[in-house]
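Below, each chain spelled out in residue letters.
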Amino acid sequence: MKRKITVLTGAGVSAESGISTFRDSGGLWENYNVNDVASIEGWYRNPGLVLDFYNHRRKELASAMPNAAHMGIAALEKDYDVTVITQNVDNLHERAGSTRIIHLHGELTKVRPEDCCNERDGFSEASVFDIGYGEIRLGDLAPDGAQLRPHIVWFGEAVPKIEAAIDAVEAADILLIVGTSLQVYPAAGLYRYARRNTPIYIIDPKDVPVQDSRITHIRDVATKGMNTFRTFLDNDRK
């Protein structure tokens, strides 16, 4: 039976593909107010601005390609049972070949009716539409007549897939965290669900804001860090 690796990824894994990050210098939050484009209140206040923001991000994604870090994560499936939990809304893990992906914060290439969800039940997968890299505008309606909105989990909304993510971390023999600041909750607290004997590897060039004796910090960008992580795995198997 293959050992289980659960991978938690954040913006840093896609930054080397040219996907704009949010919190870094020059990131999206320097050009947009987070409350205007990434909160449920912002949607109610100005849905046209929100739609335009995600239309631009979809256009950016259309020209991006998976990088060596995405490919390296997908390649782990040859020897391990891999689940990817991603905070990213892009589809680069899918395009790299990963087959089991939990999108905590939604998916950029999908939309859903604005009336399909509630705090208790989350969204209905049957109500989600894949639009690829196309645009949605005010007046674009779902079959039920409701305005279509991005299939994104915004600030102020529940994270429907957090329980599935917790289950994946609890089941992991190895936990790998790549390119995340570990500042956005609830994703930032997922590592705490790893079993006591589960080693945790973090790939990030910046300081890690958590202290845990299980953590091995690979201080590098995602593409180079994945090579180091693979060396650790190969040495462990010998």
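Here is a short report on the structure shown in this document.

The rules behind the values
- Residues numbered from 1 in each chain as written.
- Predicted model: local features only at pLDDT ≥ 70, side-chain atom pairs only at ≥ 80, totals over all residues.
- Heavy atoms only, no water.
- Pairing = 2+ DSSP bridges.
- Helix = DSSP H or I, 4+ residues; strand = E, 2+ residues; numbered from the N terminus.
- Axes fitted to C-alpha atoms, helices over the stretch in contact; angles between N-to-C directions.
- Contact = heavy atoms within 4.5 Å.
- Buried < 20%, exposed > 50% of the residue type's maximum accessible area, 1.4 Å probe, protein only.
- Core = buried A, V, L, I, M, F, W, Y, C linked by side-chain atoms within 4.5 Å.
- Expected span 1.5 Å × (residues − 1).
- Salt bridge = Lys/Arg side-chain N within 4 Å of Asp/Glu carboxyl O.
- Phe/Tyr/Trp six-rings, centres within 6.5 Å; stacked < 30°, edge-to-face > 60°.

**Brief notes about the sheet that holds strand β8 (residues 200-203)**
Taking strand neighbours across the sheet as the criterion, the 6 strands line up as β3-β2-β1-β7-β8-β9 in an open arrangement whose pairing is parallel. Each edge of the open sheet carries a strand with a single partner, namely β3 (101-103) and β9 (215-218). Recorded for the sheet is a direction-independent mean angle of 15° between the axes of neighbouring strands. Across 3 bridges, strand β2 (residues 81-86) lies against β3 in parallel orientation. Residue pairing in the sheet places I85 in a bridge with I102 of β3. Of the strands in this sheet, β1 (4-9), β2, β3 and β7 (174-178) are in contact with helix α7 (residues 162-170), which crosses β2 at around 140°.

**Comments concerning the pairing of strand β6 (residues 148-152)**
Counting buried residues along β6, 5 of its 5 residues qualify, which places the element largely inside the surrounding structure. With 4 bridges joining them, strand β4 (residues 106-113) and β6 adopt antiparallel strand pairing. Its bridge partner lying in β6, R112 is registered against R149.

**A few points about the nonpolar core**
A general tendency of soluble globular proteins is for nonpolar side chains to be buried together. Of all hydrophobic cores here, the largest spans 24 residues; its most connected members are I85, L104, I177, L182, L190, I200 and I202. Of all the secondary-structure elements, those providing two or more residues to this core are α7, β7 and β8. Among the elements that take part in this core, α7 stands out by supplying 5 residues, more than any other. Sequence-distant contacts of I202, defined by excluding residues within four places in its chain, comprise I177, L182, V208, V210, I215, T216, H217 and I218.

**Side note on the side chain of T6**
Counting through the fold element by element, T6 comes out in strand β1. If we skip the residues at most four places from it in the chain, T6 touches T83, I85, A168, V169, A172, I174, L175 and L176.

**Considerations on the sheet that holds β6**
Each strand in a sheet pairs with its neighbour through backbone hydrogen bonds, running either in the same direction (parallel) or in the opposite one (antiparallel). Spatially, the 3 strands line up as an open sheet ordered β5-β4-β6, and their pairing is antiparallel. Looking at the sheet topology across the chains shown, the edges are occupied by β5 (129-130) and β6. Each of β4 and β6 is contacted by helix α4 (residues 47-62), which is oriented at about 140° to β4, the strand it contacts most.

**Examining α4**
Across its 16 residues, α4 extends 23 Å between first and last C-alpha, which sits within 8% of the 22 Å expected from 1.5 Å per residue. For α4, the set of buried residues is V50, L51, F53, Y54, N55, R57, R58 and L61. Contacts from the buried residues of α4 go to α2 (34-37), α3 (40-45), α6 (92-96), β4 and β6.

**Description of the pattern of salt bridges**
For the coordinates displayed, the defined rule picks out 12 salt bridges. The partner of D81 in a salt bridge is R100, and the shortest N-O contact between them spans 2.6 Å. Remark: R100 occurs in the loop between α6 and β3 and D81 occurs in strand β2; sequence separation between them is 19 residues. Using a relative accessible area of 22% as the deciding quantity, one classes D81 as partly exposed. On the basis of relative accessible area, R100 is assigned to the partly exposed category, the value being 41%. Taking the shortest distance from any N to any O, the salt bridge between R137 and E135 comes out at 2.6 Å.

**Points about the pairing of β4**
The buried fraction of β4 is high, at 7 of 8 residues. Pairing analysis gives 2 bridges linking β4 to β5, with the strands arranged antiparallel. Residue V111 lies in a different strand from β5, and its bridge partner there is F129.

**Notes on the packing of aromatic side chains**
Tallied over the full model, the rule gives 5 aromatic pairs. The interplanar angle of 35° and the centroid separation of 5.6 Å between the aromatic rings of Y201 and F232 together place this pair among those described as tilted. Of the two residues, Y201 sits in strand β8 while F232 sits in helix α8 (residues 222-237), which places them 31 residues apart along the sequence. In textbook terms, an aromatic cluster arises when at least three aromatic residues are bridged by ring pairs, as seen for W43, F53, Y54 and W154.

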